Amino acid sequence: MRVDVAEKITKWFVYMLGITSTMYIVSSLSTILSILCIIMIIIVNRGKIKITASMFLLFILSGIVSTVLVSLFDRSHAMYEWKALLHIMEIYLCSMLFDRKRTLLFFDGLRISCMCQVVWVIAQIFFYYSFRLDINQIIFSDILHAASQTSRYAAGLLIPSGLCWHPSNLVVVFVLTLLFYDKWVIRALVVILSFFTRNMTAIIAVFMTIVFLAIQWIFRKKHRRDLKRKNIIFMLVLILLVGIVILSNVSYIADAWKLMKFQVLHNLIRVTKLNDSSSRAHMQYYLSLIYIWGKSTVLQIFFGYGIKYSGLPFSRFLGQYRDVRAWAVESDVMNLIYGSGIIGTVSFYLWYIRGIVEGRKKDIKYAVFFSVVWISGFFYYIQYEWVLLVELLIMQCMRYGIKIFSGRKESL
């Protein structure tokens, strides 16, 4: 194959990977595109592969040890664990092979992907509360048979989740949208949609991002004179959007609004008082650490129970989800501690802290992204594979001197 033809094909694969990356409902397509990107880039580079040493590489090495231990002592989970590890290694290799142009192209696609997700959430809300149609179920399950579970319901009503079955996938999508798009109309829309997801982590993440961006904007001298005018425009748009929802005569929307207000208040109360099973389960992930370590071997404490099997000690020692073959605890932080052990957790977060520190020097929006995702991870599991790819490529952006949140062609 000619190199110029291979390069054109590679660019198309990279761009499509950026577009499909957030669409977890077709995650298999993203995986295929990622593998094709690796193959084509190796062909273009004539077999040359350059791996940059980092703490993330130590995290992978720790994962290899963890996977070997799972294979030795719990063979029933070995195949799934190796599959998860290979997927992470594939993501890491893919990010390392992206040069400056490919990285920019990926984020061009990702920017479009985030807007597609926002539009899709609006479409979900419109079709369900106007015609009682679940478009995820109709398109991806009934017609395409792409996935068996495509939607999530609460109290008999659909929870908008974008192109994924769970709204937690939208947490990072909303954060990225706020960083990619400077228009306050879009940001106000994201704020409103975060409440429609009825996901407390999404609401917290959006709130933190808005606060960080507002602080950054206020202290930028060239925007101080426009502060009053832009604030007025933002508030008017926000009031208009909220008013449309509240004053709508469509009964389904009115019911959804009532349920949304109730669940937001309920979530705030449960976080502080722990008066429901979900909150107690989340808190148990933290409170049970010493007890589980007391039941674990030294190797399990330092290398964990497996990248995808952080819930295993809870099933084994506490009887939680005992019938579920494999599950992860719903907290990024505790998922790392139980799944990857002390060594994996320390290496991952040293790499992550570097992203915050370097991001603050290169572009404050990088630091905002890493900080918000890190804090949000204390509340829920949001470190999907595509999020990891984005984080790795943002690290590449800092290395290449690219400001992807400030315009495609802007360099540091």
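Check the entry above for the structure.
Since the structure is predicted, the reported quantities are computational estimates derived from the model, not experimental observations. (Residues numbered from 1 in each chain as written. Predicted model: local features only at pLDDT ≥ 70, side-chain atom pairs only at ≥ 80, totals over all residues. Heavy atoms only, no water.)

Participant: So what's going on with the side chain of Glu 385? Which residues, and what values?
Facilitator: Turning to its location among the elements, Glu 385 is positioned in helix 18 (residues 385-400). Judged by its relative accessible area of 16%, Glu 385 is buried. Every residue in contact with Glu 385, bar those within four places of it in the chain, is listed here: Tyr 24, His 87, Ile 91 and Lys 308. (Helix = DSSP H or I, 4+ residues; strand = E, 2+ residues; numbered from the N terminus. Buried < 20%, exposed > 50% of the residue type's maximum accessible area, 1.4 Å probe, protein only. Contact = heavy atoms within 4.5 Å.)

Participant: Go over the pattern of salt bridges, please, and point to the residues and values.
Facilitator: In the structure shown here, the tally under the stated rule is five salt bridges. Between Arg 187 and Asp 182 there is a salt bridge, and its shortest N-O distance comes to 3.1 Å. Overall, the relative accessible area of 5% leaves Arg 187 in the buried class. With a relative accessible area of 48%, Asp 182 lands in the partly exposed category. (Salt bridge = Lys/Arg side-chain N within 4 Å of Asp/Glu carboxyl O.)

Participant: A description of the environment of Ser 151 should follow, citing residues and the corresponding values.
Facilitator: Inspection of the secondary structure assignment puts Ser 151 in the loop between helix 6 (135-143) and strand 1 (152-154). Classification of Ser 151 by relative accessible area gives buried; the value is 11%. When the C-alpha positions of Ser 151 and Leu 163 are compared, they lie 9.0 Å apart, and in sequence the two are 12 residues distant. Those residues in contact with Ser 151 that sit more than four places away from it in its chain are Asp 134, Asn 136, Gln 137, Leu 158 and Trp 165. Of note is the side chain of Ser 151, whose polar atom sits 2.7 Å from the side chain of Asp 134. (Polar contact = N/O pair within 3.5 Å; in protein donor to acceptor, adjacent residues only side chain to side chain.)

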